[in-house]
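Observations on the three-dimensional arrangement
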Amino acid sequence: MGTVTTVIQYILDLGASVVLPIIIFLLSLFFRMKPGKAIRAALTIGIGFIGINLVIGLLGNSLGPAAQKMIENTGLNLPIIDAGWPVAAAISFGTAKVVPWIFILGIAINLLMIGLRWTTTLNVDMWNFWHFIFSSAFVYIATGNFWLGLIVGLITLVIVLKLADVCAPVIQDHYKIPGVTTAHTDTVSWAPVGWCLNKLLDHVPGFRHNKMTPEYIQDKFGSWAEPMVMGTILGAVIGILAYFPDFAGPWGTAIKGIVTVAISMGAVMLLLPRMVALLMEGLIPLSDAAQEWIKARYPDRELNIGLDAAILVGYPANMSVAIILVPITLLLGVVMSYAGLNQMLPFTDLADTPFFAVWATTWCRGNIARGSVIGTFFVACMLTIGTFMAPATTVLAHQANFTIPQGASQISSIDSGAHLIAYFFAFFFVFGQAKAYGTAFIIFSIFLLTVSVICYVVFFVHILRGGKPGMEDREKYMSDEELQAEAEAAEAGW
């Protein structure tokens with residue numbers, strides 16, 4: 001098994017932008033795509049992922065210093081450092097005993113479920129298998145029971161595959177990406193919660209008939225509402241909040257900081273959708289080939305390719321909500337700390353807000369007002385969950401030889417708090433360590449757990465009763481422009 005672990009680790013060390021094109025190339029050949037087209041599709045997808053990572057890196061490089069300045073302006077000292085998603089990945093891959101089994105059994109279970117018609121998702125997002133290992137690691141280390149940890153990791157995988165199945169129709173319909181879904185744990189885990197919150201907003205005055213999509217805003221405000229311009233304006237607001245104390249000294253420093261953040265945010269809003277479009281250029285031929293292969297052999301079957309949520313983050317509504325969530329996350333970090341509900345300093349994972357925005361906006365079809373409200377709830381939950389997991393995360397990080405940032409007593413991440421299914425399973429095993437945060441924190445943690453479980457139950461009961469989330473009421477949330485375009489297409493017989 002040690003040899004298997006070494007091989008798996010070597011492959012993972014190549015990175016998602018290398019591993020995914022290899023998997024896509026092999027899949028393309030399996031689905032009878034011509035070698036030339038297979039190579040082009042694989043390279044296009046790999047380059048698309050590199051482009052997305054570069055743009056997300058630009059976002060992080062701009063937001064990181066600004067976020068640090070904003071926290072310094074509050075004078076608040078939060079003891080838990082948001083070390084970013086790498087800490088969660090390091091913990092996962094550092095739990096060496098579990099890693100090969102999750103990969104081997106995870107792939108086998110996925111193929112078995114497809115064969116038995118228990119899922120329509122073929123998850124090729126191998127790099128993010130660490131998400132399933134993440135659930136497993138907490139339980140394994142907390143209990144010392146290898147089999148219990150392994151079972152928890154595999155149950156997480158099965159739940160995520162089922163979520164990918166039920167979310168595939170709305171992803172394909174709203175984002176216009178045929179044959180694709182996302183089996184990305186720290187995003188799709190929030191889909192049931194986002195669906196329930198969106199339904200609740202139907203009963204709130206001001207949201208009931210609100211269709212504040214990027215298209216609607218641009219129609220009302222013209223070029224001022226273009227994503228690039230909106231990103232620049234929101235970036236300038238973030239820059240002012242971060243660097244306004246610097247005006248007490250030489251103005252040049254403050255102006256430089258504000259302008260840098262503003263231009264960087266504008267660049268992200270312009271470039272990220274184009275990188276996603278490049279990714280789609282490679283994905284669509286694979287999707288078409290897979291569907292043709294399935295229909296030729298199994299006319300009554302469908303198969304969706306499960307991918308990283310990176311394929312969705314670049315859409316204008318997601319990016320708009322993501323940038324709005326940055327100052328909201330920092331404000332929540334401060335306010336919730338005074339209320340005893342958070343002890344984590346938001347920092348590194350602020351660049352991941354586009355991922356957290358996906359299931360805040362998808363159910364409401366890109367409604368920025370609804371998405372901002374739902375996203376705010378998501379982030380509040382993630383801060384508390386990230387704090388809750390911090391003691392165990394710190395212990396696991398030491399065992400995985402992850403370098404703890406200097407001056408940090410504990411580490412966690414917003415991304416760790418985004419692993420909602422891991423929280424379901426780990427809650428009772430690490431509860432004793434989290435009790436040190438006080439009564440208010442524990443009560444709020446239990447409240448979040450209860451609300452999330454209720455949302456899951458309501459979501460899946462709705463599906464069992466024949467409901468089709470995101471599709472049965474699609475016209476209700478679609479913008480007037482989308483409805484008109486669809487009507488015109490229907491009249492033209494398309």
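None of the values given here were measured: they were computed from a predicted structure.

The rules behind the values
- Residues numbered from 1 in each chain as written.
- Predicted model: local features only at pLDDT ≥ 70, side-chain atom pairs only at ≥ 80, totals over all residues.
- Heavy atoms only, no water.
- Helix = DSSP H or I, 4+ residues; strand = E, 2+ residues; numbered from the N terminus.
- Contact = heavy atoms within 4.5 Å.
- Areas by Shrake-Rupley, 256 points an atom, 1.4 Å probe, with all protein chains shown as cover.
- Phe/Tyr/Trp six-rings, centres within 6.5 Å; stacked < 30°, edge-to-face > 60°.
- Buried < 20%, exposed > 50% of the residue type's maximum accessible area, 1.4 Å probe, protein only.
- Core = buried A, V, L, I, M, F, W, Y, C linked by side-chain atoms within 4.5 Å.
- Pairing = 2+ DSSP bridges.
- Axes fitted to C-alpha atoms, helices over the stretch in contact; angles between N-to-C directions.
- Patch = residues over 30% accessible without salt bridge, like charges linked within 9 Å, V, L, I, M, F, W, Y side chains within 5 Å.
- Salt bridge = Lys/Arg side-chain N within 4 Å of Asp/Glu carboxyl O.
- Expected span 1.5 Å × (residues − 1).
- Parallel < 35°, antiparallel > 145°, perpendicular 65-115°, else oblique.
- Nonpolar A, V, L, I, M, F, W, Y, C, P; charged D, E, K, R; others polar.

Details of the overall build of the chain
- Broken down by element type, the chain carries 21 helices and six strands.
- For the chain, contacts bridging at least 24 residues in sequence account for 82% of all contacts bridging at least 6.
- Counting only carbon and sulfur atoms, one obtains 68% of the accessible surface of the chain, whose full area is about 20,200 Å².

As for the packing of aromatic side chains
- Enumeration over the complete set of coordinates arrives at 22 aromatic pairs.
- Judged by centre distance (5.6 Å) and plane angle (85°), the rings of Tyr 423 and Phe 427 are edge-to-face. Placement of both Tyr 423 and Phe 427 in helix α18 (residues 420–434) is noted, with a separation of four residues, approximately one turn of the helix. Each member of the pair, Tyr 423 together with Phe 427, is buried.
- Taking 5.0 Å as the distance between ring centres and 65° as the angle between the ring planes, the aromatic pair formed by Tyr 437 and Phe 441 counts as edge-to-face. When sorted by exposure, Tyr 437 lands in the same class as Phe 441, which is buried.
- A network of ring pairs unites the aromatic residues Trp 195, Trp 359, Trp 363, Phe 424, Tyr 456, Phe 459 and Phe 460 as a single cluster.

Side note on the nonpolar core
- Core analysis: the largest hydrophobic core is formed by 151 residues, its most contacted members being Phe 31, Val 124, Trp 190, Trp 359, Phe 378 and Phe 388.
- Ignoring anything within four residues of it in the chain, the contact list for Val 124 reads Leu 20, Ile 23, Ile 24, Leu 27, Ile 305, Gly 306 and Leu 307.

A look at the sheet that holds strand β6 (residues 410–412)
- The strand order across the open sheet built from three strands is β5-β1-β6, with neighbouring strands paired in parallel fashion. The strands lining the two open edges of the sheet, one partner per strand, are β5 (344–345) and β6.
- Two elements, strand β1 (residues 80–82) and β5, share two bridges in a ladder whose sense is parallel. Considered in β5, the bridge of Ile 80 is made with Met 344.
- Strands β1 and β6 of the sheet are contacted by helix α16 (residues 390–399), whose axis makes an angle of about 100° with β6.

As for a nonpolar patch on the surface
- Taken together, the side chains of Val 18, Ile 22, Leu 26 and Leu 29 present a nonpolar region at the surface, about 320 Å² in accessible area.
- Its place among the elements puts Leu 26 in helix α2 (residues 16–30).
- Residue Leu 26 is classed as exposed on the basis of its relative accessible area of 52%.

Concerning the sheet that holds strand β3 (residues 180–182)
- Here we have three strands laid out as an open sheet, ordered β2-β4-β3, and parallel in their pairing. The sheet is open, and its two borders are formed by β2 (121–123) and β3, each paired with just one other strand. This sheet shows a mean twist of 35° between the axes of neighbouring strands, independent of strand direction.
- As defined by bridge partners, β2 adjoins strand β4 (residues 304–307) across three bridges and the pair is classed as parallel. Bridge assignment links Leu 122 to a residue of β4, and that residue is Ile 305.

Thoughts on helix α5 (residues 99–115)
- Counted at 1.5 Å a residue, the expected span for α5 with its 17 residues is 24 Å, and the 24 Å between its end C-alpha atoms agrees.
- Those residues of α5 that fall on the buried side of the exposure criterion are Val 99, Pro 100, Ile 102, Phe 103, Gly 106, Asn 110, Met 113 and Ile 114.

Side note on the environment of Ala 309
- Looking at where Ala 309 falls in the secondary structure, it is placed in the loop between β4 and α13 (316–338).
- For the pair Ala 309 and Thr 187, spaced 122 residues apart in sequence, the C-alpha separation works out to 7.0 Å.
- Discounting chain neighbours no more than four positions away, the residues touching Ala 309 are Thr 182, His 184, Thr 187 and Phe 355.

Quick look at the packing of helix α4 (residues 85–94) against helix α6 (residues 130–143)
- Packing of α4 against α6 brings their axes to within 8 Å, and their N-to-C directions diverge by 70°. As judged from the angle between their axes, α4 and α6 are roughly perpendicular. Listed contacts from α6 to Trp 85, Ala 88, Ala 89, Ile 91, Ser 92 and Phe 93 of α4 are Trp 130, Ile 133, Phe 134 and Ala 137.
- A per-class count over the contact of α4 with α6 returns nine nonpolar, one polar and no charged.

Focus: helix α14 (residues 353–361)
- Taking burial as the measure, the nine residues of α14 include nine buried ones, the bulk of the element.
- Within α14 the residues assigned to the buried category are Thr 353, Pro 354, Phe 355, Phe 356, Ala 357, Val 358, Trp 359, Ala 360 and Thr 361.

What about unusual backbone geometry?
- Positive phi outside glycine occurs at Arg 117, with the angle close to 65°.
- Among the structural elements, Arg 117 can be located in the loop between α5 and β2.
- Phi at Lys 176 takes a positive value of approximately 60°, unusual for a residue other than glycine.
- Within the secondary structure, Lys 176 sits in the loop between α7 (146–175) and β3.
- Note on Lys 176: relative accessible area 53%, which makes it exposed.

Things to note about the pairing of β4
- Alternating positions in β4 separate into two faces, Asn 304 and Gly 306 on one and Ile 305 and Leu 307 on the other, with burial throughout.
- Summarising the sheet, β3 and β4 pair through three bridges and their orientation is parallel. Pairing of Thr 181 across the sheet is with Gly 306, part of β4.

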